[in-house]
Structure formats: structure tokens, C-alpha cells
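# Structural features, examined
The chain contents come next:
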Amino acid sequence: MPALAIRFTGGTTTFQDPVSARLAAEFLTVPLGTVARCVADVRACAEHLRVDATPEVIERVAREHLLALVNSAPPPRSPR
């Protein structure tokens, strides 16, 4: 199983993995830990299925998962 893709330094989070960094910049409403975990999970699944886990494939599949996550959130409640 791959290691976590994030590193904590001085109260800020920097990504060692460029895929996680690109997706975190794209999905600003998703917590950084969720993005890193999604990328790690996709990478582990691809390796388990013996799919060639290139960064492009990992990013594409993780992006789809994150889009599903964002689009499945309930809409904000409006005041009555």
C-alpha cells in the first residue's frame, strides 16, 4: 500500500505528490486530507487491478471521484 501523499511542515500542508497538489488546487472545497486519501486509494486500486498506474490515469480517475463527491453534497439550506 502506498504511503500518504501529504507532509505537514510548520502548520501548512505541502504535497509531495504532484497529482494531489493539482487536484487540491482544483477542488478547493474538498479538505486536503480527503484529496490525498482519494489519490492514494485510486493508486492502490489501480495497482491491485494491475492497471498501469501512470500519473495521468491516477489523476483522471481521482478527479472523477472528487467530482462525484462534490456533486453529491446536498445544497445549502435556505432560510425560511
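Per chain, the residues get numbers from 1 upward, laid out in the order the sequence is written. Predicted model: local features are reported for residues with pLDDT of at least 70 only, side-chain atom pairs are reported and counted for 80 or more only, and whole-chain, interface and lining totals are derived from all residues. Side-chain calculation: all heavy atoms of the structure are included, whereas hydrogens and water are not.

To continue, consider the packing of helix α1 (residues 18–26) against helix α3 (residues 55–71). For the pair α1 and α3, interaxial distance at closest approach is 10 Å and the crossing angle is 30°. By the angle between their axes, α1 is roughly parallel relative to α3. Pair α1 / α3 crosses with right-handed handedness. Seen from α1, the contacting residues are Val19, Arg22, Leu23 and Glu26; seen from α3, they are Pro55, Ile58, Glu59, Ala62, Arg63 and Leu66. In terms of residue class, the contact of α1 with α3 is built from six nonpolar, no polar and four charged. Inter-axis angles, ranging from 0 to 180 degrees, are taken between N-to-C directions of lines fitted to C-alpha atoms, where helices are fitted over the stretch in contact. In this description a helix means any DSSP run of H or I spanning at least four residues, a strand means any run of E spanning at least two, and both kinds are numbered starting from the N terminus. Any angle that falls under 35 degrees is termed roughly parallel, while one over 145 is termed roughly antiparallel, one within 65 to 115 roughly perpendicular, and all others oblique. By convention, the crossing between two helices is left-handed when the near helix turns anticlockwise from the far helix through less than a right angle, and right-handed when the turn is clockwise. For this analysis, residues touch if any pair of their heavy atoms sits within 4.5 Å. Charged means Asp, Glu, Lys or Arg here, nonpolar means Ala, Val, Leu, Ile, Met, Phe, Trp, Tyr, Cys or Pro, and polar covers whatever is left, Gly included.

Attention now moves to unusual backbone geometry. Despite not being glycine, arginine 50 has its phi angle at roughly 60°, a positive value. Examined against the element boundaries, arginine 50 turns out to sit in the loop between α2 (32–48) and α3. The exposure class assigned to arginine 50 is exposed, which follows from its relative accessible area of 77%. Each residue's exposure class comes from its accessible area (1.4 Å probe, protein chains only) as a fraction of the maximum for that residue type: buried when under 20%, exposed when over 50%, partly exposed otherwise.

Confidence per residue, as judged by the predictor, is encoded in pLDDT with a range of 0 to 100. Across the protein, pLDDT averages 84, with 81% of residues at or above 70. Segment residues 1–12 is flagged for pLDDT under 50; beyond a separation of four residues in sequence, or across chains, it makes 20 contacts in the model.

Disulfide: a pair of cysteine sulfur atoms within 2.5 Å of each other. Scanning the model with the defined rule gives zero disulfides in all. Of the cysteine sulfurs around cysteine 38, a residue in no disulfide, the closest is that of cysteine 45, at 9.6 Å. A relative accessible area of 12% means that cysteine 38 is categorised as buried.

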